[in-house]
Amino acid sequence: MESLKHSSVLLCLVPFLLLAAVAEVVAGDELTTFIVHVHPHENHVHATADDRKTWYLSFLPEHGRLVHAYHHVATGFAARLTREELDSMSAMPGFVSAVPDRTYRLQTTHTPEFLGLNSPLSNSSFGSERGAGVIIGVLDTGVFPFHPSFSDAGMPPPPAKWKGRCEFNVSSSACNNKLIGARSFVAAAAAGNSSSGDRRRVTPPFDDGGHGTHTASTAAGAPVQGANVLGQAAGVAVGMAPRAHVAVYKVCNETACLGSDVLAGADAAVADGCDVLSMSLGGESAPFHEDPIAVAALGAVEKGVFVSMAAGNSGPDAGSVSNEAPWMLTVAASTMDRAIRSTVRLGNGTSFHGESIYQPASPPSGMFPLVYAGESRRPHTELCGIGSLDGLDVRGKIVVCEAGSWPGHNLSSVIKGAVVRRAGGAGMILLNTFSYGYTTLADAHVLPASNVDHAAGLAIKSYLNSTARPTAQIVFGGTVLGTSPAPMMAAFSSRGPSLANPGILKPDIMGPGVNVLAAWPTSVGPPASGLPGGGPTFNIISGTSMSTPHLSGIAAAIKSKHPEWSPAAIRSAIMTTADAADRSGGPILDEQHAPADWFAAGSGHVNPEKAADPGLVYDINPSDYVGYLCSLYKSREVSVVARRPVNCSAVTVIPNTMLNYPSISVVFPRNWNRSKPMVVQRTAKSVGKVPSTYVAAVDMPSSGEVTIDVSPKQLVFTQANQEVSFKVTVLPGQNGAKMVQGALRWVSGTYTVRSPISISFA
């Protein structure tokens, strides 16, 4: 996972499997894994899995080189090849393309209530069976099957379509009617190092680090009473879709994932009968035909499977969003209205709220000497890395450390605290960088600590410089609910615009991803802490890895309520009903407490209850994605993603302005004639009460940067599933603005269907 720039989130950013997407270097006769795309077998309509595998093996110099054969979400295979062998293969009939395997690094007791899902069941849009009959496939680091979050008490057997299996090989009780399957596609170490390239021996699907257990329980965990981490965030832990079934596919080890394994896991999940795929992984932007996850996701969507993906943990940098394809839901991360409060009191009487999970049962009282770790002025000492405090007198003092790492090092906040403790420090204050702003993280530290925001950090450093004997105290306030602003953008959440397709607004949606409590295989925090423990183990971590399964579970709940809806319809329902305001009624803020734009928040914050009854949806036939791809790429490249031969000259090309997406992104090319408008077309389908009339309302700045006209200005629906089209004409102004954002709302007496609008000028 990508380093959250705030290393503690590393845990999830390793919980976020942030696809660093690093291709192997290929040289000489070295065996390297390639993902090879080929045309379908000549009798592919009636071909069996064995037929396809035989077809794939015909391309290989040795059958033992085959790593994975793909049958459902890709047409091709992964194999270990030399460069010379690949060159020879590329001349064979049926070969399309090959890309080197990519390495992806790894990127709740209160969130159901925060999202409005704990309302009385009689008033809930979902009733008492949230997610019933739906199977969520979680592609991650595996799972700890014996956690009570995967209890099947009261769960019915899986649907008859389920074809998966349980591969723990330890106990028949490892899987049940909740956790209905678990498979692994990660090679065992010995096999991975084999000179023959044979990687068929895999590890069991047990969770190596906790990430997969956390995400799976967030999506569909069973209710667990008394959940807490070191006594904090106590309550009932329950997933978004507690009545859904879960199948886990281990495609990552504790530190990394291979694209070939992810593709194999998705292939199996679709074949097994999953309805929703949840993948808390991502990577740097790449053309879709070079991205195995984009290929897999389109294959799944074409078979009616909803795909939820993490936006990435590379924020707040612009253009850092990953998983940009329009056939997947791309999920950003937000805070919730809960803090695990740890307050810093300075000797001058000022106080600053921060966060820490570890809050000693009997904390030390009184003021302590305060020292800045960077006062020695040696390189990087302010970061409190291993060995950095050597020679600095910190014994019995509270040490001020800066968040972050230096190149080539991975310093989590917990490691920094361990360095301070080892040097004799009494506590640690962790200061946010400017880029992290007001996003603070609660970690299971090993000593009294507090992560404070950047503004507080500046004030603390100013105090340090104002007196010869600075002092401080860390006071613990426990779990505090009702904090504001909430929700707020997480600093680490990756931002648009999309580099792969700027004509599609990404991310799509934001959901809870900061300080999320969910199941964990082992206990966390310092040993012998004297804090509550001994029961089921949970952890609180952060990342778009955590927001993604929230949306996966919500999608499953919608699928259960509306089994006939397509993946595009479910995505539209989630996006067009999202909240654009925070709980106080003001705009959703970013990490600097400025209004968040659509490149950060997407359509806004998910509102599950409204998403279950959206009124209108913008549906997309999966075949339209091929026309859209032909507007971006050549036929050969489109054939890779479509998994069949495509001749774009014979396809109706669909530019991004015409793809029926729930949001609207218009990018005017450089030197565009500003007297010429650009036209966007959309088609709305009625899934709400009829007859009904919707009236257009355009929310755009009044400064004249753009003029927007909607035609017609009313949409009239007289029957269910009726479709009505409209056009949005965008005319740029003459003042040279680079970006303008607003929204289009279709308003009836019952519903408001909102689409964010982003207008950019190259």
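Here the residue numbers are simple positions, counted from 1 along each chain's written sequence. A pLDDT threshold of at least 70 governs which residues receive local features in this predicted model, and a stricter bar of 80 or more applies before side-chain atom pairs are shown or counted, although totals over entire chains, interfaces and linings include all residues. Excluding hydrogens and water, the side-chain values take into account all heavy atoms of the structure.

Enquirer: Just checking my understanding: could you explain the side chain of Asp275 for this structure?
Expert: Following the sequence through the fold, Asp275 ends up in the loop between helix H7 (259-272) and strand S14 (276-279). Note on contacts: a residue pair is in contact if any heavy atoms of the two residues lie within 4.5 Å. Sequence-distant contacts of Asp275, that is, excluding residues within four places in its chain, are made with Gly133, Val134, Ile135, Lys161, Gly304, Val305, Phe306 and Lys559. Secondary structure elements follow DSSP: runs of H or I no shorter than four residues count as helices, runs of E no shorter than two count as strands, and numbering proceeds from the N terminus.

Enquirer: Please explain the packing of helix H6 (residues 211-220) against helix H11 (residues 544-561) as it appears in this structure.
Expert: Between two packed helices, the angle of one axis relative to the other and the distance separating the axes together describe the packing. A fitted line through C-alpha atoms serves as each axis, taken over the contacting stretch for helices, and the angle formed by two N-to-C directions is quoted from 0 to 180°. Contact geometry for H6 and H11: axes closest at 7 Å, N-to-C directions at 35 degrees. The interaxial crossing formed by H6 with H11 has right-handed handedness. Residue-level contacts link His211, His214, Thr215, Thr218 and Ala219 of H6 to Ser545, Met546, Pro549, His550 and Gly553 of H11. Looking at the contact of H6 with H11, its residues break down into three nonpolar, seven polar and no charged. By definition, turning the near helix anticlockwise from the far helix through less than a right angle yields a left-handed crossing, and turning it clockwise yields a right-handed one. Here the term charged refers only to Asp, Glu, Lys and Arg, the term nonpolar to Ala, Val, Leu, Ile, Met, Phe, Trp, Tyr, Cys and Pro, and the term polar to all other amino acids, Gly among them.

Enquirer: What is the right way to read the sheet that holds strand S9 (residues 179-184) from this model?
Expert: Any two strands are treated as partners once DSSP identifies two or more bridges connecting them. With parallel pairing, seven strands are arranged side by side in an open sheet as S9-S12-S8-S14-S16-S17-S25. Here the strands that pair on one side only, and so sit at the sheet edges, are S9 and strand S25 (509-512). In this sheet, neighbouring strand axes are inclined to one another by 25 degrees on average, regardless of whether the strands run parallel or antiparallel. With four bridges connecting them, strand S17 (residues 329-334) and S25 associate as parallel partners.

Enquirer: Is there a simple way to explain the domain arrangement of the protein in this structure?
Expert: Think of interface size as the accessible area that goes away when the parts come together; that is how it is often given. The split into domains, and so the bounds of each, comes from an automatic or database assignment of domains. For the protein, the domain assignment lists domain 1 (32-99), domain 2 (110-189 + 202-336 + 489-527 + 544-612), domain 3 (340-480) and domain 4 (660-761). On the domain 4 side, the residues contacting the 20 residues of domain 2 number 17 residues. Here's the idea: put two parts together, see how much 1.4 Å probe accessible area each one loses, and the total over both is what we call buried area. Sorting the residues of domain 2 by area buried against domain 4 places Leu505, Thr576 and Trp598 first, and these three jointly supply 39% of that buried surface. Should a side-chain nitrogen of Lys or Arg be within 4 Å of a carboxyl oxygen of Asp or Glu, the pair is scored as a salt bridge. Our count for the domain 2 to domain 4 interface comes out at zero salt bridges. Whenever two N or O atoms come within 3.5 Å, that pair is a polar contact, provided that in protein one can donate a hydrogen and the other can accept it, and provided that, for residues adjacent in sequence, both atoms are side-chain atoms. In this assembly, domain 2 and domain 4 are joined by eight residue pairs in polar contact (both at pLDDT 80 or more). Elements with a contribution of two residues or more to the side of domain 2 that touches domain 4: helix H12 (567-576) and helix H13 (598-601). Among the elements that line the side of domain 2 that touches domain 4, the one with the most residues is H12, at four residues.

Enquirer: What exactly am I supposed to notice about the packing of aromatic side chains here?
Expert: The geometry of two aromatic rings is summed up by the distance between their centres and the angle between their planes. The criterion for an aromatic pair is that two Phe, Tyr or Trp rings (for Trp, the six-membered ring) have centres within 6.5 Å, with stacked assigned to planes under 30 degrees apart, edge-to-face to planes over 60 apart and tilted to the rest. In the structure shown here, the tally under the stated rule is 14 aromatic pairs. Centre to centre, the rings of Tyr618 and Phe726 are 6.3 Å apart; their planes meet at 65 degrees, and the pair counts as edge-to-face. A residue pair is termed long-range when its members are at least 10 positions apart, and Tyr618 in the loop between strand S28 (616-617) and helix H15 (622-630) and Phe726 in strand S34 (residues 723-732) qualify at 108 residues. This pair shows no difference in class: Tyr618 is buried, exactly as Phe726 is. Accessibility here uses a 1.4 Å probe with only protein chains present; expressed as a share of the type maximum, an area under 20% marks a residue as buried, one over 50% as exposed, and anything in between as partly exposed.

Enquirer: Before we go on, may I ask you to explain the environment of Ala423 in this structure?
Expert: Counting through the fold element by element, Ala423 comes out in the loop between helix H9 (413-422) and strand S22 (427-431). Separated by 47 residues in sequence, Ala423 and Ser376 have C-alpha atoms that sit 15 Å apart. Residues within four places of Ala423 in sequence aside, it is in contact with Leu389, Val394 and Arg395.

Enquirer: How should I be thinking about the nonpolar core in this particular structure?
Expert: For our purposes a nonpolar core is just a set of buried Ala, Val, Leu, Ile, Met, Phe, Trp, Tyr and Cys residues, chained together by side-chain atoms within 4.5 Å. The biggest cluster of nonpolar side chains holds 129 residues, and the ones touching the most others in it are Leu277, Phe288, Trp327 and Ile574. When residues of this core are assigned to their parent elements, the largest contribution, eight residues, is made by helix H8 (residues 292-302). Residues within four places of Leu277 in sequence aside, it is in contact with Gly137, Leu139, Ala266, Ala269, Val270, Ala300, Val305, Phe306, Val307, Ser308 and Ser552. Met700, Val710, Phe726 and Leu744 belong to the second-largest nonpolar core, a separate cluster that totals 28 residues.

Enquirer: Which parts of the structure should I look at to understand the sheet that holds S28?
Expert: Strands in a sheet are paired, the pairing made by backbone hydrogen bonds, and the direction either parallel or antiparallel. Ordered in space as S28-S30-S34-S32, the four strands form an open sheet in which the pairing is antiparallel. Of all the strands in the sheet, the pair left with one neighbour each is S28 and strand S32 (706-711). Here S28 runs beside strand S30 (residues 678-686); their pairing, made up of two bridges, is antiparallel. Bridge pairing in S30 places Val617 opposite Lys685.

Enquirer: In this structure, what is going on with H7? I would like to understand it.
Expert: The periodicity of an α-helix, 3.6 residues per turn, causes residues three or four places apart in sequence to face the same way. Here H7 is 14 residues long and its end C-alpha atoms lie 20 Å apart, about the 20 Å a rise of 1.5 Å per residue gives. The buried fraction of H7 amounts to 13 of the 14 residues, a majority that puts the element mostly inside the structure. Phi turns positive, to about 110 degrees, at Gly273, one or two residues after H7. To estimate how far a helix should reach, multiply one less than its number of residues by 1.5 Å.

Enquirer: When you look at a negative patch on the surface in this model, what are you seeing that I'm missing?
Expert: Only residues whose relative accessible area exceeds 30% and that form no salt bridge enter a patch; like-charged residues are grouped when within 9 Å of one another, and nonpolar side chains (Val, Leu, Ile, Met, Phe, Trp, Tyr) when within 5 Å. Throughout, the Shrake-Rupley method with a 1.4 Å probe supplies accessible areas, and for residues the shown protein chains are the sole cover considered. Charge counting treats Lys and Arg as positive and Asp and Glu as negative, with His and both chain ends excluded. For this purpose, a charge sits on NZ of Lys, CZ of Arg, CG of Asp or CD of Glu. Side chains of Asp29, Glu30, Glu84 and Asp87 sit close together on the surface and give a patch of like negative charge. Along the polypeptide, Asp87 turns up in helix H3 (residues 83-89).

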